Amino acid sequence: MGTTSSLFLFFEPPMLQKVNSKLTTLEQQRFGKDSPPIRVAIVGCGYSGVELAATISERLEDRGIIQAINVETTICPNAPPGNREAALRVLQSRKTQLFLGYFVSCIKEVSASEDSVGMTRIGEEMSIDAKIHQKKFILELQPAQRGLESQILEADVVLWTVGSKPVIPHLDPFDQSNTFPLNGRGQAETDETLRVRGHPRIFAIGDLAALRDSSGNLLPATAQVAFQQADFAGWNLWAAINDRPLLPFRFQKLGEMMTLGRNDAAISPSFIEGLTLDGPLGHAARKIAYLLRLPTDEHQIKVGISWLTKSVVDSVASLQSTMTKRSLDESEAFCCSSHCAKQIDESGHRIIFLL
Ligand SMILES: Cc1cc2nc3c(=O)[nH]c(=O)nc-3n(C[C@H](O)[C@H](O)[C@H](O)COP(=O)(O)OP(=O)(O)OC[C@H]3O[C@@H](n4cnc5c(N)ncnc54)[C@H](O)[C@@H]3O)c2cc1C
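Residues numbered from 1 in each chain as written. Predicted model: local features only at pLDDT ≥ 70, side-chain atom pairs only at ≥ 80, totals over all residues.

Draft legend 1. Layout of the sheet that holds strand 14 (residues 277-278). The three strands are arranged 12-13-14 in an open sheet whose pairing can be described as antiparallel. If you trace the sheet from one side to the other, it starts and ends with strand 12 (255-259) and strand 14, each paired once. Direction of pairing for strand 13 (residues 265-269) relative to strand 14: antiparallel, over a ladder of two bridges. Bridging from a neighbouring strand, A266 pairs with D278 of strand 14. Of the strands in this sheet, strand 12, strand 13 and strand 14 touch helix 3 (residues 81-93), which is tilted by about 170° from strand 13. (Pairing = 2+ DSSP bridges. Helix = DSSP H or I, 4+ residues; strand = E, 2+ residues; numbered from the N terminus. Contact = placed C-beta atoms within 7 Å. Axes fitted to C-alpha atoms, helices over the stretch in contact; angles between N-to-C directions.)

Below, the structure written as C-alpha cells:
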C-alpha cells in the first residue's frame, strides 16, 4: 500500500504517522468554513477502533464526521463494563456516529469526478493508486442483526482495525513433523509451560501463542499477557536446558486501560471489583500505570521525560492559542466599536465591513 493511501490496515505503529499525515493534509485542504467535513470511517470497535474514534473525533471536532462500525451490538464487547460505559459516554459527547450490528461487506473507491470506481471485496487484497488524495470511499454495510437495514457510508479515510494474524515461520515445508499445531486464528497451541505442543524444544509466547486459562478461555493477545509470559519462558528455557522442572504459566489479570483522547482515559483495575477511573483522573492513572509497567529504568526515564516535554509543549501551545484567540476577539471588538459595522448575512456568516 502506498504512502498516499487513505485505507489503513491498522496493525503497526508506523500506521499512526501515516494516518496523522493524511488527516493533516485533509485539514489543510478543508480549512474554510464552507469546506465539506472530513469523513473518517473506522471499521471495528474493539479497543483499537474505539481509541481511534475517541482520539480522532477530539482532534477534528466540528470539522469531521467519525463513523465507527462494529459487527457486535456493542463496542468493546470483552472490555470491563466500566471501561465500555466510559468510552460510550466519550464517543457520544464527541458526536461519533456508531453503526452497531453491521458488517462491512464491500468498500468501493470512487474518484472525485466519479468516473472510475475500484471495488474491494472484503477478504481480497486492497489496491489503491497514487491519486488517492482525490478519492473517497463508499462502504456498504450489511446488517448482522435482525431489524436493521443495510447502509451506505462515504468516507475520505477508512481505518480498518479488524483482525490480526500472527506470522509463524514454516520450519520445513516437506517435513510434517515440523508443522506447528495452529488454532483457527493461526496461533501455535502451547502447553502451560509455554512449550509448543509436540515440540518440547520450542517455546511460544505473546500474540502467536494460544494458551487457555483454567476456565478454558483463550488468553487475550495483549502486551500484558506477552509481558508476563516472557519471565516464565526465560526461566523455562533455562530449566529445559538444565534438566530442571518447568514452571506452569498463570496469567494474572491486572486490569484494562484505554485512551480516549488527549486528557481522557478509562482504567478498570482488576484488584478492585467494579472500579473504573475515567476522565482526567483515568488519564493520570493510566500514565502512572503505564510508566510503572515499562520493563527497565531506562525505558521509564525516557518515556517519562518525553511525556513531560510533550505536556509542557502542549500547555504552551494551548496558552498561545487562547491568547491569540482572545487578542483577535479584542481587536475585532475594538475595530467594530470604532470603525466597523458587523452584519449577519443570510447564511448566518458574520461579515465585517471596514468603514
Ligand atoms: C493498534 C494496537 C493497539 C494495541 N494496544 C494495546 C494496549 O493498549 N494494551 C495491550 O496490552 N496490548 C495492546 N495491543 C496488543 C499488543 O501490542 C500485543 O499483544 C503485543 O505487542 C504482543 O507482543 P509480541 O511480542 O507477541 O508481538 P509483537 O509486539 O508484534 O512483536 C513481534 C516482533 O517480532 C518481529 N518479527 C516478526 N517476524 C519476525 C521474523 N521473522 N524475524 C524477526 N523478527 C520478526 C516484529 O517486527 C515485532 O517487532 C495493541 C495492538 C495493536 C495492533
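Draft legend 2. Inspection of the environment of H283 at higher detail. Within the secondary structure, H283 sits in helix 5 (residues 279-293). On a C-alpha basis, the gap between H283 and D264 in space is 5.1 Å, while along the polypeptide they are 19 residues apart. Those residues in contact with H283, other than ones at most four positions away along the chain, are N263, D264 and A265.

Draft legend 3. Inspection of the site of the ligand at higher detail. Neighbouring the ligand are 12 residues; G206, D207, T222, A223 and A226 lie closest to it. Ranked by the residues each element gives to the shell around the ligand, the list is headed by helix 4 (residues 223-241), at three residues. For the shell around the ligand, the per-class residue count stands at seven nonpolar, four polar and one charged. (Near = placed C-beta within 6 Å. Nonpolar A, V, L, I, M, F, W, Y, C, P; charged D, E, K, R; others polar.)

Draft legend 4. Region of interest: helix 2 (residues 47-60). Compared with an ideal rise of 1.5 Å per residue, which puts 14 residues at 20 Å, helix 2 spans 20 Å between its outermost C-alpha atoms and is within 8% of the ideal. If you follow the buried residues of helix 2, they end up packed against strand 2 (38-43), strand 3 (64-70), helix 3, strand 9 (157-160) and strand 12. Where helix 2 terminates, the next one or two residues include E61, which has phi positive at roughly 45°. (Expected span 1.5 Å × (residues − 1).)

Draft legend 5. Focus on the nonpolar core. Ranked by size, the top nonpolar core spans 49 residues in total, and within it A41, A87 and V158 carry the most contacts. The dominant element in this core, judged by the number of residues it contributes, is helix 2, at seven residues. Setting aside residues no more than four positions away along its own chain, A41 makes contact with Q67, I69, F137, L139, L153, A155 and V158. Core analysis: the next-biggest nonpolar cluster, separate from the first, contains 14 residues, L194, V196, I205 and L211 among them. (Core = buried A, V, L, I, M, F, W, Y, C linked by C-beta atoms within 7 Å. Buried ≥ 20, exposed ≤ 12 C-beta atoms within 10 Å, placed from the backbone.)

Draft legend 6. Molecular detail of helix 3. Taking 1.5 Å of rise per residue, 13 residues should cover 18 Å, and helix 3 covers 18 Å from first to last C-alpha, within 8% of that figure. All of the buried residues along helix 3 are N83, R84, A86, A87, V90 and L91. Each buried residue of helix 3 sits inside an arc of 165° when the element is viewed along its axis, so together they form one side. Residues P81, Q92 and S93 are exposed on helix 3 and point more than 90 degrees away from its buried face. (Arc of directions from axis to C-beta.)

Draft legend 7. Expanded view of the confidence of the model for the protein. For the protein, the average pLDDT comes to 83, and 80% of its residues sit at 70 or higher. Overall, residues 125-132 carries pLDDT values under 50, and its contacts beyond four positions in sequence, including any with other chains, amount to 12 contacts. Between residues 332-355, whose pLDDT stays under 50, and residues either more than four places distant or in other chains, the model counts 17 contacts. (pLDDT = per-residue confidence, 0-100.)

Draft legend 8. Examining the environment of A230 more closely. Among the structural elements, A230 can be located in helix 4. Judged by local crowding, A230 falls into the partly exposed class, with 14 C-beta atoms found within 10 Å. The spacing of A230 and I205 is 25 residues in sequence and 6.9 Å in space, taken between C-alpha atoms.

Draft legend 9. Structural context of the packing of helix 2 against helix 3. In the contact formed by helix 2 and helix 3, the axes pass within 9 Å of each other and the chain directions differ by 35°. The element helix 2 and its partner helix 3 pack so that their crossing is left-handed. Between helix 2 and helix 3, the contacting residues are V50, A53 and A54 on the first element and A87, V90 and L91 on the second. Its residues placed into classes, the contact of helix 2 with helix 3 shows six nonpolar, no polar and no charged. (Left-handed = near helix turned anticlockwise from the far one by under 90°.)

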